[in-house]
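Inside the fold
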Amino acid sequence: MEEIYAKFVSQKISKTRWRPLPPGSLQTAETFATGSWDNEENYVALWSIGDFGNLDSDGGFEGDHQLLCDIRHHGDIMDLQFFDQERIVTASSTGCVTVFLHHPNNQTLSVNQQWTTAHYHTGPGSPSYSSAPCTGIVCNNPEIVTVGEDGRINLFRADHKEAVRTIVWEVHFHPSNPDHLFTCSEDGSLWHWDASTDVPEKSLLFHQGGRTSAFLSHSISNQANVHQSVISSWLSTDPAKDRIEITSLLPSRTLSVNSLDVLGPCLVCGTDAEAIYVTRHLFS
């Protein structure tokens, strides 16, 4: 087994990523990036394991990885991906998404592009604006997709200052009957998810528009000696109660449904179609 080289860096490392090789390259990976978190100051760093002309006591090249360059990062690094061979994208606990550019001539990193408010909380229970951690990113040049704790999915392009598209939805359990869940989405859907135990067994069916329904079967391995009455219906292991009924509450697909609220048998939602929908008969 080959040796494993360790270097202590006085930082908690949250993410490590190899720099991608050029298409068709037969070389082995030599450069990787790291990101840190839960430190007084966090850093994005670039490292190399290539030989540097230094000889060890046996006359061979040293295998220790060497720091090429680093740059301070605001907030914890929740995710890190190479955008291409020169650029690194990071997701921050502050909700910011940053593209760093590597300058190989002088071995430095600089901020190439930044979306400071990519993810944020708004609405009841939150200030007018508060940052939400960006928890994941995926890159496919020139596009970057991010997800965050605010429930948003953002699509960015490297040559755009704003998000190309944002998917803005809400999820609400019924306040007095948590077997019922309500969701709204940027695609114009408003759904009622019914996991109550009295849902009849029916075949899978869903039609967009009107109060039409789908039944989804979910299976969870049996857990012995657990009393069913204290288990949420969302986690039920009873095969006779393993169906969820999904009902579309809007008569037809509309523009983005941005917000909803539920109280008793009443639901209200607002949309980008400049319309407010209200129903007082959720369970009729």
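For the structure given in this document, a descriptive report is provided here. All values derive from a computational prediction rather than experimental measurement.

1. Concerning the environment of H74
Note on placement: H74 falls in the loop between β4 (66-73) and β5 (77-82). According to the relative accessible area criterion, H74 is exposed, its value standing at 67%. Counting along the chain gives 22 residues from H74 to C96, while the straight-line C-alpha distance between them is 8.6 Å. Apart from the residues lying within four places of it in its own chain, the contact partners of H74 are S92 and T94.

2. Considering the sheet that holds strand β1 (residues 13-18)
Spatial strand order, β1-β2-β3-β4: 4 strands in an open sheet with antiparallel pairing. Edge positions in the sheet fall to β1 and β4, since each has one partner strand and no second. Here the strands of the sheet are splayed against their neighbours by 20° on average, with no regard to which way each runs. Pairing analysis gives 5 bridges linking β1 to strand β2 (residues 31-36), with the strands arranged antiparallel. Bridge pairing in β2 places T16 opposite T34.

3. Focus: the pairing of β2
Burial analysis of β2 places 6 of its 6 residues in the buried class, the great majority of the element. Covered by surrounding structure in β2 are T31, A33 and G35 together with F32, T34 and S36, the residues of both alternating faces. Looking at chain direction, β2 and strand β3 (residues 42-48) are connected through 5 bridges and run antiparallel. Paired with G35 across the bridge in β3 is V44. Remark: 5 residues form the turn of the hairpin made by β2 and β3, two consecutive strands paired antiparallel; D38 in that turn has positive phi of roughly 60°.

Calculation rules
- Residues numbered from 1 in each chain as written.
- Predicted model: local features only at pLDDT ≥ 70, side-chain atom pairs only at ≥ 80, totals over all residues.
- Heavy atoms only, no water.
- Helix = DSSP H or I, 4+ residues; strand = E, 2+ residues; numbered from the N terminus.
- Buried < 20%, exposed > 50% of the residue type's maximum accessible area, 1.4 Å probe, protein only.
- Contact = heavy atoms within 4.5 Å.
- Pairing = 2+ DSSP bridges.
- Axes fitted to C-alpha atoms, helices over the stretch in contact; angles between N-to-C directions.

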